[in-house]
Amino acid sequence: MQLTLFIIFGLIAVGGAVNLLVQRHPIYSALSLVTVMGALAGEFLLLGAEFIAFIQVIVYAGAIMVLFVFVIMVLNAGEVPRESKSRMAALIGLPVLALLAVTIIGQLAGAFSQTALGLGDYVIQTGPIGDSLFHQYLLPFEVTSVLFLVGLLGAVVLAAREPDAAPARGGEIPESLVEAGLEADIAAQEAARR
Amino acid sequence: MVPLSFYLALSAILFILGVAGFIFKQDIITVFISIELMLNGVNLAFVAFSHALRQIDGNIFVFFVMVIAAAEAAVGLAIIIAVVRNRNSLEADRMSLLRD
Amino acid sequence: MLLLIPLLCFAGFVLNILFGRQWSQKVAGAVGVAFPAAAFVLALRVVSQYNPAQVAAGGVALPWIQAGLLSIPYGLQLDQLSLVMLLIVTGVGLLIHIYSLGYMAHEGGFYRFFALLNVFMFFMLTLVLANNYLLMFIGWEGVGFASYMLIGFFFHKDSASRAGMKAFVVNRIGDFGFLIGLFFIFERFHTFTFAQLFPLVKQMPVEAAWGGPLTVIALLLFVGATGKSAQIPLYVWLPDAMEGPTPVSALIHAATMVTAGVYMVCRSAAIYDRAPHALEVVLAIGALTAIFAASIGLLQRDIKKVLAYSTVSQLGYMFMACGAAMYGAGVFHLMTHAFFKGLLFLGAGSVIHAMNGEQDMWAIRAGAPGGLRKYAPVTFITFLIATCAISGIPFFSGFYSKDKILYDVLTSANGSALWWAVGTLAALMTSFYMFRALFVTFFAGPKPDARHSKPEEHKGGEHHHPHESPKVMTVPLMILGFLALVGGYIGIGDRFEHFLDPIFDTGVPAQPIHPIAGGEWTVTAVSVAVALLGLLIAWLFYIKNPELPERLATSMRGLYELVWNKYWVDELYGAVITRPLRAFSRVVLWRTVDVTLIDGTVNGVGSTARGAGNGLRQQASGQIRSYATWVALGAAAVLLYMYFGGPRA
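Residues numbered from 1 in each chain as written. Chains lettered and ligands numbered in written order. Predicted model: local features only at pLDDT ≥ 70, side-chain atom pairs only at ≥ 80, totals over all residues.

**Q** What is the right way to read the overall build of chain B from this model?
**A** On a plain count of helices and strands, chain B comes out with three helices and one strand. The burial tally for chain B puts 63% of its 100 residues in the buried class. Counted over contacts in chain B with a minimum sequence separation of 6, partners at least 24 positions apart contribute 47%. (Helix = DSSP H or I, 4+ residues; strand = E, 2+ residues; numbered from the N terminus. Buried ≥ 20, exposed ≤ 12 C-beta atoms within 10 Å, placed from the backbone. Contact = placed C-beta atoms within 7 Å.)

Structure follows, in structure tokens:
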């Protein structure tokens with residue numbers, strides 16, 4: 001039973017990840033990632049990590065991915081043409097990837113085949129997690145709050161418009177961006193066709 | 001009863017797929033998404049070990065990973081917005097201002 | 001005391017080289033002469049106090065090199081041999097310095113000339129006074145250096161610089177042999193100091209084989225002597241050395257430096273006496289050189305060149321004496337030669353000065369109508385005295401010394417009749433060419449003809465009537481003339497040689513001599529006859545029947561050409577040695593080794609670094625994805641290390 005659930009969730013996760021790579025438009029990739037996260041939340045439940053599963057759905061899939069989608073829509077991202085200008089990536093990317101794959105998968109998959117994890121034999125309550133956070137891991141916990149502060153400030157400053165740029169027309173996407181984005185795509189496709 | 005190695009294999013596969021996307025994808029946002037995929041793979045490994053070793057610390061660690069991922073996503077996306085505003089393109093290859 | 005003698009000359013050098021440029025000619029000249037004069041006075045003093053029993057006490061020995069087995073002092077010693085050399089060097093040297101005041105008065109670089117003459121004196125004195133071989137070698141090299149600087153004194157002249165280089169390079173070849181000989185000496189005896197070395201040598205037997213250690217050493221040292229003393233095969237630099245100013249030729253290439261080889265062989269008598277084969281070589285080369293050089297001198301037209309070949313020839317005589325193991329006779333001839341050859345050169349200088357730089361004897365004859373002897377009588381008389389001396393005319397100094405040598409070569413156990421005959425023939429030639437030079441230079445041709453140009457038309461013709469030289473030049477001539485006249489009397493009855501006996505008593509029992517019918521008088525008679533014959537023939541050819549030389553030359557055209565071109569020796573050396581060597585240097589050493597190998601390696605390192613840099617530079621492409629790939633690659637590397645290489649945690 002547990003194995004069946006593991007395999008189902010696993011297939012969904014891998015399928016979502018593959019779809020992420022295959023899709024051309026970033027919005028589909030983002031949505032695929034949401035799928036992966038959902039499947040992973042299921043895996044976490046199988047491993048008895050209730051708290052983690054919940055915050056995975058609420059925070060990761062529900063907030064971070066929403067942010068991604070939001071940005072994709074703000075930028076009006078479209079499909080990006082195929083040709084690659086980076087010789088490096090093309091040349092050694094594949095071997096590196098293969099190397100990593102063989103190493104990691106090989107090593108990880110080969111190890112610990114003796115240890116068996118059963119359903120429900122170790123369920124982690126939220127209470128002890130909270131306890132741990134506020135006693136043992138208090139310092140990192142507080143530091144992350146500072147981290148958030150910094151990140152917040154940084155995001156605001158970085159994404160803010162230049163003072164002398166045209167003020168955003170409420171709700172509308174600046175036309176320059178639309179045209180520029182579309183023009184770039186069109187020009188690239190023309191070039192590709194030639 | 002699922003052997004630990006299955007969980008680890010799944011985690012590894014997700015991680016590798018994330019690396020593949022990180023290297024081969026043209027679109028800067030998709031590259032970012034691949035990074036998130038990598039992190040998720042690692043989270044799975046952490047939770048699996050946490051269960052196997054009967055320790056809570058793995059979960060705590062996943063908690064912090066998610067926190068970091070959130071902060072990183074926020075700042076990274078802000079950077080992307082700023083850069084795209086300048087370049088008017090989402091292509092990773094166009095963003096080569098690190099060198100003339 | 002002894003130490004001061006060379007040091008005074010060195011002081012003169014230092015002063016003139018540092019300050020001479022700012023001084024007037026008078027001051028520079030005064031400094032240049034004062035120090036050698038002081039050295040000569042000191043030398044006289046030292047000699048007058050000389051006590052043969054206290055050789056060691058009179059010497060100087062300052063510690064110099066002290067390295068394990070190698071212990072070489074800076075040491076000077078005064079024994080009979082170095083005493084003789086000391087007097088010759090300082091005495092004749094002083095006369096030539098004084099002469100130079102007049103001769104060099106109109107030349108540029110006056111102070112430099114005297115500085116170089118002084119430094120030459122310093123090195124020469126170091127050479128003759130040294131009490132060990134290494135210090136002698138330093139003097140040896142130093143005089144070679146001074147010779148180079150002085151031959152190329154008129155360095156603006158291409159031929160002069162080249163002559164200087166030729167002298168130095170040829171000398172170097174000889175020095176190489178000398179050095180190897182020194183190495184062998186040290187290897188066997190572990191000392192260079194004479195006082196320690198010769199007692200050790202005297203314990204060794206007389207060697208019968210060619211490969212014996214002493215024979216090898218003796219031959220190697222002799223190679224050095226052939227270089228410095230201009231014997232076959234390394235004599236070629238001496239005629240070219242005439243490019244230098246005439247006082248230089250007188251001092252260095254007649255009286256002193258070229259005799260260093262003879263001095264060295266004499267000093268090493270203990271070694272040579274035990275190496276009879278080496279003595280044979282010395283005798284043979286000396287004799288061959290004597291006749292070879294004399295034959296070339298027969299046809300030379302330049303007065304200095306005649307004297308140069310004459311010097312080579314007379315040095316051959318000195319080596320003949322050494323080769324016959326009669327070193328004393330060699331030193332005796334060295335002394336008389338210093339007098340008359342120095343006089344001959346100074347006289348030639350006086351002639352050249354009188355004729356405003358002309359050196360060709362026929363041009364001189366043409367430029368002085370009625371014969372130069374009428375215009376420069378002192379020069380003529382002294383030149384005549386020297387010519388008689390060198391030709392072996394009785395009662396002049398050269399007669400005694402040359403005659404003694406020929407007698408020794410004929411009769412001593414190491415000599416032979418063959419070489420005596422060669423030497424006598426060379427004496428005939430010597431007499432002939434010297435009187436030829438005298439007659440052509442100083443006597444008018446028999447037929448005054450239209451080819452004679454007025455004296456004023458020579459050499460840009462300013463004031464020039466030929467004239468006698470100033471007193472500062474003629475007085476040294478007269479002093480040397482006196483010495484050339486009476487210098488031989490010291491040798492009568494072998495007094496001179498007996499004086500030197502303690503030096504040459506090398507522990508080898510005196511060999512019996514071959515008696516000659518009539519003893520020494522027979523040999524003397526032959527020598528005198530030969531000398532007078534030479535004079536007669538010269539008179540015949542150049543005074544009485546001046547068309548004779550022409551006719552003889554045309555009838556023996558081939559032989560004439562051969563001798564006129566100095567047997568093509570220079571050309572031979574050029575073709576066989578110089579040109580292949582330079583070609584080798586250019587093609588192999590320069591192009592292959594230097595350009596290709598060394599430059600290639602050095603530049604190769606540079607271009608490799610640059611290429612590597614260029615290659616590595618590609619990595620910093622600015623492309624984000626490329627960086628991403630690098631990151632992944634790095635991660636993979638770390639992971640691999642952790643899995644397979646690192647500690648398994």
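**Q** Sorry, what's going on with the interface of chain B and chain A here?
**A** A common way to report how large an interface is uses the accessible area buried once the components associate. In this assembly, 61 residues from chain B lie in contact with 75 residues from chain A. Going through the elements one at a time, β1 (2-3), α1 (4-24), α2 (28-52) and α3 (57-87) of chain B are the ones with two or more residues in the side of chain B that touches chain A. In terms of residue count, α3(B) provides more of the side of chain B that touches chain A than any other element does, 19 residues in total. Across the side of chain B that touches chain A, the residue classes break down as 45 nonpolar, eleven polar and five charged. Strand direction decides the pairing type here: strand β1 (residues 116-117) of chain A and β1(B), joined by two bridges, are antiparallel. Bridged to Ala116(A) within β1(B) is Pro3(B). (Nonpolar A, V, L, I, M, F, W, Y, C, P; charged D, E, K, R; others polar. Pairing = 2+ DSSP bridges.)

**Q** When you look at the nonpolar core in this model, what are you seeing that I'm missing?
**A** A general feature of soluble globular proteins is that nonpolar side chains tend to end up buried together. Within the largest apolar cluster, 207 residues are counted, with the highest numbers of intra-cluster contacts made by Phe120(C), Met124(C), Met320(C), Ala321(C) and Ala484(C). With sequence-adjacent residues up to four places away left out, Met320(C) is seen in contact with Leu283(C), Gly286(C), Ala287(C), Ala290(C), Ile405(C), Val409(C), Trp419(C) and Gly423(C). (Core = buried A, V, L, I, M, F, W, Y, C linked by C-beta atoms within 7 Å.)

**Q** Looking at this structure, I do not really get the confidence of the model for chain B. What am I missing?
**A** For any part of a model where pLDDT is low, the fine detail of the predicted coordinates should not be relied upon. Across chain B, the average pLDDT comes to 87, with 92% of residues at 70 or higher. Of all the helices and strands in chain B, β1(B) carries the lowest mean pLDDT, 85, while α2(B) carries the highest, 93. (pLDDT = per-residue confidence, 0-100.)

**Q** Honestly, the pairing of strand β2 (residues 70-76) of chain C in this entry has me stumped. Any pointers?
**A** Residues in a regular strand project their side chains so that they alternate between the two faces of the sheet. All names here are of chain C. The pairing of strand β1 (residues 60-67) with β2 spans seven bridges and is classified as antiparallel. Each bridged residue has a counterpart across the sheet, and for alanine 67 the counterpart in β2 is leucine 70. The hairpin turn running from β1 into β2, its antiparallel successor, is two residues long, and glycine 68 in that turn takes a positive phi close to 65°.

**Q** Even after reading the chapter, I still don't get the interface of chain C and chain A, so can you show me in this structure?
**A** In this assembly, eleven residues from chain C lie in contact with eleven residues from chain A. Broken down by class, the residue content of the side of chain C that touches chain A amounts to six nonpolar, four polar and one charged.

**Q** Would you explain unusual backbone geometry in this entry?
**A** Across residues other than glycine, the phi torsion is negative in most instances, and most of the peptide bonds are trans. Residues and elements named next belong to chain C. Along the chain, isoleucine 232 connects to proline 233 via a cis peptide bond; the corresponding omega equals 0°. Locating proline 233 in the fold gives a position in the loop between α8 (213-228) and α9 (237-240). Non-glycine residue phenylalanine 395 carries a positive phi angle of around 75°. Relative to the helices and strands, phenylalanine 395 resides in the loop between α17 (377-391) and α18 (397-411). The class of phenylalanine 395 is exposed, set by 12 C-beta atoms lying within 10 Å.

**Q** What should I look at first to understand the packing of helix α6 (residues 158-189) of chain C against α8(C) in this one?
**A** Packed helices, taken two at a time, are described by their axes: the angle between them and the distance between them. All names here are of chain C. At a closest axis distance of 7 Å, the pairing of α6 and α8 adopts a crossing angle of 155°. Classed by the angle they form, the pair α6 and α8 counts as roughly antiparallel. Here the hand of the crossing between α6 and α8 comes out left-handed. Taking contact as the criterion, the partners of Val170, Asn171, Ile173, Gly174, Asp175, Gly177, Phe178, Ile180, Gly181, Phe184, Ile185 and Arg188 in α6 are, on α8, Pro213, Val216, Ile217, Leu220, Leu221, Val223, Gly224, Thr226, Gly227 and Lys228. Residue composition of the contact of α6 with α8, grouped by class: twelve nonpolar, seven polar and three charged. (Axes fitted to C-alpha atoms, helices over the stretch in contact; angles between N-to-C directions. Parallel < 35°, antiparallel > 145°, perpendicular 65-115°, else oblique. Left-handed = near helix turned anticlockwise from the far one by under 90°.)

**Q** What am I meant to see in the confidence of the model for chain C here?
**A** Residue and element names in this part refer to chain C. For chain C, the mean per-residue pLDDT works out to 84, and 94% of the residues sit at or above 70. Across residues 452-463 the pLDDT falls below 50, and counting only partners more than four positions away or on other chains, this stretch makes 18 contacts in the model. Across the whole predicted complex the pTM is 0.68, and at the interface the ipTM reaches 0.89.

**Q** Would you mind going over the environment of Gly487(C) with me for this structure?
**A** Residue and element names in this part refer to chain C. Considering the arrangement of structural elements, one finds glycine 487 in the loop between α20 (471-486) and α21 (495-504). Sequence spacing of glycine 487 and glycine 398 is 89 residues, and the spatial spacing of their C-alpha atoms is 8.4 Å. Discounting chain neighbours no more than four positions away, the residues touching glycine 487 are Met335, Thr336, Phe339 and Ser397.

**Q** Please explain the environment of Gly15(A) as it appears in this structure.
**A** By the secondary structure assignment, Gly15(A) is in helix α1 (residues 2-22). Put simply, Gly15(A) and Val36(A) are 21 residues apart on the chain and 8.0 Å apart in space, counted from C-alpha to C-alpha.

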